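# Close look at the chain arrangement
Now for the letters of each chain:
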Amino acid sequence: METPTKPTPSSEKLDQQCINTIRFLSVDAVQKANSGHPGLPLGAAPMAYTLWTRFLKHNPTNPHWFDRDRFVLSAGHGSMLLYSLLHLTGYNLPLEEIKLFRQWGSKAPGHPERGLTPGVETTTGPLGQGFANGVGMAIAEAYLAARYNKPGFEIINHYTYVLLSDGDLMEGVASEAASLAGHLKLSKLIYLYDSNHITLASATPVTFTENQAQRFEAYAWHTQSVEDGNDLEAISNAIVAAQKETERPSIIFIRTHIGYGSPNKQDTCAAHGSPLGIEEVKLTKEKLGWQVEPAFLIPEEALKNFRKAVELGKQLETKWENKFSLYEKEHPESASELLGLIHGKLSINWDANIPEFPADEKGIASRVASGKIMQAFFEMIPGFIGGSADLNSSTHTELKNVGNFENPSMAVGDLQGSAEGGWSYAGRNLQFGVREHGMASISNGMAAHGGLIPFCSTFLTFSDYMRPAIRLAALMELNLIYVFTHDSIAMGEDGPTHQPIEHLASLRAIPNLIVIRPNDANETAMAWRIAIESRKAPVALILSRQDLPTLDRTKFASAEGLRFGAYILSDVADANPEIILIASGSEVDLIVKAKQKLIEHNILVRLVSMPSWELFETQKQEYKDSVFLPSVKTRISVEAGVSQGWHRYVGDCGEVIGINSFGASAPGGVMMHEYGFTVEHICDCAIALLKKNNHD
């Protein structure tokens, strides 16, 4: 969007009226809810107004227009600022919803939620997450533009704007993301920093005295300062300068005053996270020349000015659609491919080249099988892009011959670890560096942008670094994939710091996250199919470092059973089993061998492979009962992780073989033996449990 002509006294008056409309719509909603954060909207309204009315390319009647600019309120506690902007500019967020701010069923929840409120790009509130999400959105824009733009057709050409706070910059995830963004030279990234010098419990001089501008200059960002957060022209000029910067992401430090206009609470912690109070609301309105009553006042002239966004947005999208129609004629294959990504459609035979692995007693590590599977399908999914936290060779996640995602101006001749296929924004391998938290949050932004299915990878034990972002991905129902390898104490000599114990249980505790721990290469192939096709939930693939035997599927049930979460791998003929052995991942081979031993004792055994609790819990009760026969009370689960949670499947008469302590440093085979993951131990437990239950 173009900057306006020099303001006139009448336009300045209208600007001020519009800014105060944002301020007091926000303040009144917080006061009515008796809950919320009025300070940020009061102080940041001028910068938000400037961005939204002079620069932001969007269409309120179609929040999903693909070439819109993305706006992220990383300081999500100031959510009423965003809700006010959405309502005033014409999004489907009626005033009635704003009056229900923070109430049950409202589309104006306490912090912005993607998928609930039209126009909200990503769920924010945990500070720093929106900062990193913005980096992911800029990566998505750069990749899609590099792949699909043609001479004369800039089909993908938009900015990502982020409004952030002091708290965002204090969180470590912001540092990780900022460092990578500067390295990648993501110049379509523009951040507005609401520098009000106040946090929830203190002032920034108490905890945050670094030179933030120098910090970002060291990250290779373009930095500017605006000394007066009410100076619309200075803010406009800074945004224009940021747009003209083509080699660096930009951050604009804007000095504001939290709770601006509040006679008793401006520039104090009291303005941050509590309503002003009825009397203080009255005094603030009077000080800023605003009509005290009624609440939720929206002057007609101000609304008319805001609603210009509706017609302008329609025009912008129509112009883009016309250009896209010409693009389709000139570049039909690219246009068809891009439309498929925009609408989240997979080609019919996207998985046709995924191999079927032959039976093999030695087998293959599921991380290695996963790498082979990725190579077999990724070319069929042009939106599949990602990488690892500097662990490609260990997690087997590098996509071959498609290059690294890098600014093409990078001099890479002497760099090690560069992917075959060169360096450009069209590269599909993201080198995240040792930045697990940033990697996960950036991946969230890529998925939220649309058009991509991102993946990211590290060792399972380091999923702890990523948990806040994984939780938000699950909350947002994002389609992205985590590849976690080195999944148990069997990884061996690196010791307890690197051996996951509680991590499976921790991930399974996150609602709407699908966790899959396959038992061999063919289950791994099926797990990848589930992960790619999962449109409403992220998927965590839990993979082994050590080789796992590839089961002979002529003797055991098909790996297709993984789709059900748990399935009967092997059963007894013409009789009910006496005992059910259950396992996931590498421990499935143990129960397979244990069954062979138990048969020698004339014990009837059913084997159940249970790679995914989450998929199993979506099945009908009839199916669940067919797998875990209610009449068979003697059950044993085997998994190299904490026992927590398994009791729901083994029942009161069952037993869990797990690990409820940290590991040690020793070869993987020794570790498994010392912690009781042996055929002999499983058989001993089975025989003893049968005796106990039969006696009882």
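Keep in mind that what you see is a predicted model, and the values were worked out from it rather than measured. (Residues numbered from 1 in each chain as written. Predicted model: local features only at pLDDT ≥ 70, side-chain atom pairs only at ≥ 80, totals over all residues. Heavy atoms only, no water.)

We now examine the side chain of Ser637. Mapping Ser637 onto the fold places it in strand S19 (residues 635-638). In this structure Ser637 comes out as buried when scored by relative accessible area, which is 1%. Setting aside residues up to four positions removed in sequence, Ser637 forms contacts with Ile582, Trp646, Val650, Glu655, Val656 and Ile657. (Helix = DSSP H or I, 4+ residues; strand = E, 2+ residues; numbered from the N terminus. Buried < 20%, exposed > 50% of the residue type's maximum accessible area, 1.4 Å probe, protein only. Contact = heavy atoms within 4.5 Å.)

On to the nonpolar core. The biggest cluster of nonpolar side chains holds 77 residues, and the ones touching the most others in it are Phe131, Val135, Leu186, Trp221 and Tyr482. With twelve residues, the single largest contributor to this core is helix H5 (residues 129-148). A domain split of this core shows at least three residues from each of domain 1 (10-315) and domain 2 (360-550). In this structure, Leu40, Leu51, Ile235 and Phe296 belong to the second largest nonpolar core, which totals 52 residues. (Core = buried A, V, L, I, M, F, W, Y, C linked by side-chain atoms within 4.5 Å. Domains from an automatic or database assignment.)

What the domain assignment reports for the protein chain is domain 1 (10-315), domain 2 (360-550) and domain 3 (563-694). Its C-alpha centre places domain 2 at a distance of 28 Å from the equivalent point of domain 3. With both sides pooled, the region where domain 2 packs onto domain 3 buries about 2,500 Å², and carbon together with sulfur makes up 57% of that total. In terms of surface lost to domain 3, no three residues of domain 2 exceed Ile501, Arg508 and Arg517, which account for 27% of the buried area on that side. (Buried area = accessible area lost by both parts, 1.4 Å probe.)

Taken as a whole and judged by the stated rule, the model has 35 aromatic pairs. Summarising the aromatic geometry, the rings of Tyr159 and Tyr161 are spaced 5.8 Å apart at their centres and angled 35° between planes, so their arrangement reads as tilted. Across the pair, exposure class does not vary: Tyr159 and Tyr161 are buried alike. Site record: aromatic cluster; members linked through ring pairs are Phe131, Tyr191, Tyr193, Phe216, Tyr219, Trp221 and Phe253. Positioned above the aromatic ring of Phe66, the side-chain terminus of Arg70 is 5.4 Å from the ring centre. (Phe/Tyr/Trp six-rings, centres within 6.5 Å; stacked < 30°, edge-to-face > 60°. Lys NZ or Arg CZ within 6 Å of the ring centre and 35° of its normal.)

Axis separation between helix H13 (residues 308-330) and helix H14 (residues 332-342) bottoms out at 5 Å; the angle between their running directions is 125°. Here H13 lies oblique to H14, going by the angle between them. Contact with H13, carried on its side by Phe324, Tyr327, Glu328, Lys329 and Glu330, involves Pro332, Ser334, Ala335, Leu338 and Leu339 of H14 and no other residues of that element. Classifying every residue of the contact of H13 with H14 gives six nonpolar, one polar and three charged. (Axes fitted to C-alpha atoms, helices over the stretch in contact; angles between N-to-C directions. Parallel < 35°, antiparallel > 145°, perpendicular 65-115°, else oblique. Nonpolar A, V, L, I, M, F, W, Y, C, P; charged D, E, K, R; others polar.)

On the UniProt side, "active site" (unreviewed entry) is annotated at positions that read Glu436 here. On the secondary structure map, Glu436 appears in helix H17 (residues 436-449). (UniProt positions renumbered as here; feature names shortened; annotations may be inferred.)

Feature annotation in UniProt places "binding site: thiamine diphosphate" (unreviewed entry) on His77, Gly125, Pro126, Leu127, Gly167, Asn196, His272 and Phe462, given in this structure's numbering. Of the residues just listed, which span 386 residues, the most distant C-alpha pair is 34.8 Å apart, and they do not cluster in one region. Within the fold, Pro126 resides in the loop between helix H4 (95-98) and H5. Of the residues examined, Pro126 reaches a relative accessible area of 41% and is grouped as partly exposed. Mapped onto the elements of the fold, Gly167 is located in helix H6 (residues 166-170). A residue is classified by how much of its surface remains accessible, and Gly167, at 17% relative accessible area, is buried.

As a further point, take the pattern of salt bridges. Inspection of the entire model under this criterion finds 23 salt bridges. A salt bridge links Lys188 to Glu141; its shortest N-O distance comes to 3.1 Å. Of this pair, Lys188 sits in the loop between helix H7 (172-184) and strand S3 (189-195) while Glu141 sits in helix H5, and the two are 47 residues apart along the sequence. Among the salt bridges present, the one from Arg508 reaches Glu639, with a minimum N-O distance of 2.8 Å. (Salt bridge = Lys/Arg side-chain N within 4 Å of Asp/Glu carboxyl O.)

This part takes up the sheet that holds S19. Taken together, the five strands give an open sheet; going across it, the order is S16-S18-S17-S19-S20, and neighbouring strands pair in mixed fashion. Each having just a single partner strand, strand S16 (567-570) and strand S20 (655-657) make up the two edges of the open sheet. Taken over all neighbouring pairs, the strand axes of this sheet differ in orientation by 25° on average, direction set aside. Bridging between strand S17 (residues 579-583) and strand S18 (residues 605-609) involves five bridges; their strand directions are parallel. Among the inter-strand pairings, Ile582 is bridged to a residue of S18, identified as Val608. (Pairing = 2+ DSSP bridges.)

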